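This is what each chain is made of:
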Amino acid sequence: MTFRPLHDRILVRRIESEEKTKGGIIIPDTAKEKPQEGEVIAVGAGARDETGRVLSLDVQVGDRILFGKWSGTEIKVNGEDLLIMKESDVLGIIEVQAEQKKAA
């Protein structure tokens, strides 16, 4: 099954957080908070303004984003837990520095 968001909605895959702290303490699943960082895997065509013109979205497929703790609606597509949310729920795009890209 494929899924295509409509209008100004985006489909996001959560990026799991670290399982242990910098000090080496392992965080159990019951104490973890849901990650607020994700990767955009699909975007809608865009929102319409008052004149009916389609305004393209600022986020694109592949962007790493930061979103609010209670943002979006959880859905399951092909057995994978994903989030669908409006672009306005996105707090910002995380840009990876060029040095980090070379290391990867």
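As a reminder, the structure under discussion sits directly above these lines.
Predicted, not measured: the structure shown is a model, and the values here were computed from it.

Each value, and the rule that gives it
- Residues numbered from 1 in each chain as written.
- Predicted model: local features only at pLDDT ≥ 70, side-chain atom pairs only at ≥ 80, totals over all residues.
- Heavy atoms only, no water.
- Patch = residues over 30% accessible without salt bridge, like charges linked within 9 Å, V, L, I, M, F, W, Y side chains within 5 Å.
- Areas by Shrake-Rupley, 256 points an atom, 1.4 Å probe, with all protein chains shown as cover.
- Salt bridge = Lys/Arg side-chain N within 4 Å of Asp/Glu carboxyl O.
- Helix = DSSP H or I, 4+ residues; strand = E, 2+ residues; numbered from the N terminus.
- Buried < 20%, exposed > 50% of the residue type's maximum accessible area, 1.4 Å probe, protein only.
- Pairing = 2+ DSSP bridges.

Participant: What exactly am I supposed to notice about a nonpolar patch on the surface here?
Facilitator: On the surface, a nonpolar cluster with roughly 260 Å² of combined accessible area is contributed by Leu66, Leu91 and Ile94. Topologically, Leu66 is positioned in strand β5 (residues 64–67). Look at Leu66 and you get partly exposed, because its relative accessible area is 37%.

Participant: Which parts of the structure should I look at to understand the pattern of salt bridges?
Facilitator: Pairing between side chains of opposite charge can happen when their charged atoms approach one another. Tallying each qualifying case throughout the model produces seven salt bridges. A salt bridge links Glu37 to Arg64, with the nearest nitrogen and oxygen atoms 2.1 Å apart. Of this pair, Glu37 sits in strand β2 (residues 37–43) while Arg64 sits in strand β5, and the two are 27 residues apart along the sequence. Since its relative accessible area comes to 23%, Glu37 is described here as partly exposed. Under the relative-accessibility criterion, Arg64 is labelled partly exposed at 32%. Between Asp81 and Lys76 there is a salt bridge, with the nearest N and O atoms lying 3.7 Å from each other.

Participant: Where do I start with the pairing of strand β1 (residues 9–14) in this structure?
Facilitator: Regular strands have side chains that alternate between both faces of the sheet. Across four bridges, the pairing between β1 and strand β7 (residues 80–86) is antiparallel. Note that in β7 the partner of Ile10 across the bridge is Met85. Taken together, the five bridges between β1 and β2 define a ladder with antiparallel strand orientation. The residue bridging Leu11 from the neighbouring strand is Ala42, located in β2.

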